[in-house]
Amino acid sequence: MTNFVEIRPRELKPALLELDGISRTTIEAHYRLYQGYVTKRNEILGRLPDVDLGAANQVYSEFRALKVDLTFAVGGIKNHEIYFEHLGGEGGDPDAAIGALIERDFGSADAWRADLRATGMAARGWAWTAYDWDEARLFNYVGDAQNTFPVWNATPLVALDVYEHAYFLDYQTDRSAYIEAFLKNLDWGVVNHWVGAYRVPVD
Ligand SMILES: [Fe+2]
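Just so you know, these numbers come straight off a predicted model, no measurement behind them. (Residues numbered from 1 in each chain as written. Predicted model: local features only at pLDDT ≥ 70, side-chain atom pairs only at ≥ 80, totals over all residues. Heavy atoms only, no water.)

**Student:** An account of the packing of helix H3 (residues 96-106) against helix H7 (residues 188-197) is needed here, citing residue identities and associated values.
**Tutor:** Put simply, H3 and H7 touch, their axes get as near as 7 Å, and they point 80 degrees apart. Judged by the inter-axis angle, H3 sits roughly perpendicular to H7. Here H3 contributes Ala-96, Ala-97, Ile-98, Leu-101 and Ile-102 to the contact with H7, which in turn contributes Trp-188, Val-191, Asn-192 and Val-195. Counted by class, the contact of H3 with H7 contains eight nonpolar, one polar and no charged residues. (Axes fitted to C-alpha atoms, helices over the stretch in contact; angles between N-to-C directions. Helix = DSSP H or I, 4+ residues; strand = E, 2+ residues; numbered from the N terminus. Parallel < 35°, antiparallel > 145°, perpendicular 65-115°, else oblique. Contact = heavy atoms within 4.5 Å. Nonpolar A, V, L, I, M, F, W, Y, C, P; charged D, E, K, R; others polar.)

Structural data, given as structure tokens:
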């Protein structure tokens, strides 16, 4: 069995507690859910070495349960690390590299926003703007849970959490109002940093 290293939750940026339209109470509760994904990821990876590989079974087996639920925990970690990291900004239109990519692949910032809003309204968990390395373009992908529906070789650059825990306290069932608040708090500087760090080609 492969070795693994326990990971710890990333610190929450202080700016996340002062967002415009997403309350401190919501963020603090949301951050505790993220901490739970980290705890469970460590717990699952710690248990896997002791599982009987010979008993692996597709209908039910401990190995299957741990492997499936690991994808939920790891998905929850990755999704929320993007979400928390790229909030705390001034929103507005995307600029610099991400602005150029969005203009090229969606036609305009407004068209990107309209598609992301609709993707968020159509999702049961997440909407992501990701760069697909095979198609060499951005696309807004839909997700119903932490572990659905990843597309291989695509890198998420914007992660919109539409689980009810992200907005119910502030907006009850008005998800569209929450999506507007999310857009108002996006930090395009962080997204542009990722575009550069991942070497997404912009031309
Ligand atoms: Fe969440």
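**Student:** Describe unusual backbone geometry, and please don't skip the residues or the numbers.
**Tutor:** Residues Thr-148 and Phe-149 are joined by a peptide bond in cis, for which omega reads -20 degrees. A positive phi angle is found at Asn-153, which is not glycine, with a value near 65 degrees. Positive phi, close to 60 degrees, is recorded for Arg-199, a residue that is not glycine. Within the secondary structure, Arg-199 sits in the segment after H7.

**Student:** I'd love a proper account of the layout of surface pockets, names of residues and values included.
**Tutor:** Counted as a void, the largest pocket has a volume near 780 Å³. Along its surface, the largest pocket is lined by 25 residues, and Lys-78, Asn-79, Ile-82, Pro-150 and Pro-156 are the ones closest to its centre. Contributing elements (two or more residues each) for the lining of the largest pocket: helix H2 (62-85), strand S1 (126-132) and strand S3 (154-161). For the lining of the largest pocket, the element with the highest residue contribution is H2, accounting for eight residues. (1 Å grid on protein atoms, 1.4 Å probe; cavity = no way out; pocket = protein on both sides within 12 Å on 5 of 7 lines; lining within 4 Å. Points joined across faces, edges and corners; volume = space filled by probe spheres on them.)

**Student:** Describe empty space enclosed by the protein, listing the residues and the values that go with them.
**Tutor:** Tallied over the entire structure, the rule returns one cavity of 30 Å³ or more. Considering only enclosed or pocket space, the largest cavity measures out at about 70 Å³ in volume. If you go around the largest cavity, the residues you meet are Arg-10, Glu-11, Lys-13, Tyr-31, Tyr-34, His-80, Glu-81, Phe-84 and Glu-85. Elements supplying a minimum of two residues to the lining of the largest cavity: helix H1 (24-47) and H2. Per element, the largest residue contribution to the lining of the largest cavity is four residues, and it comes from H2.

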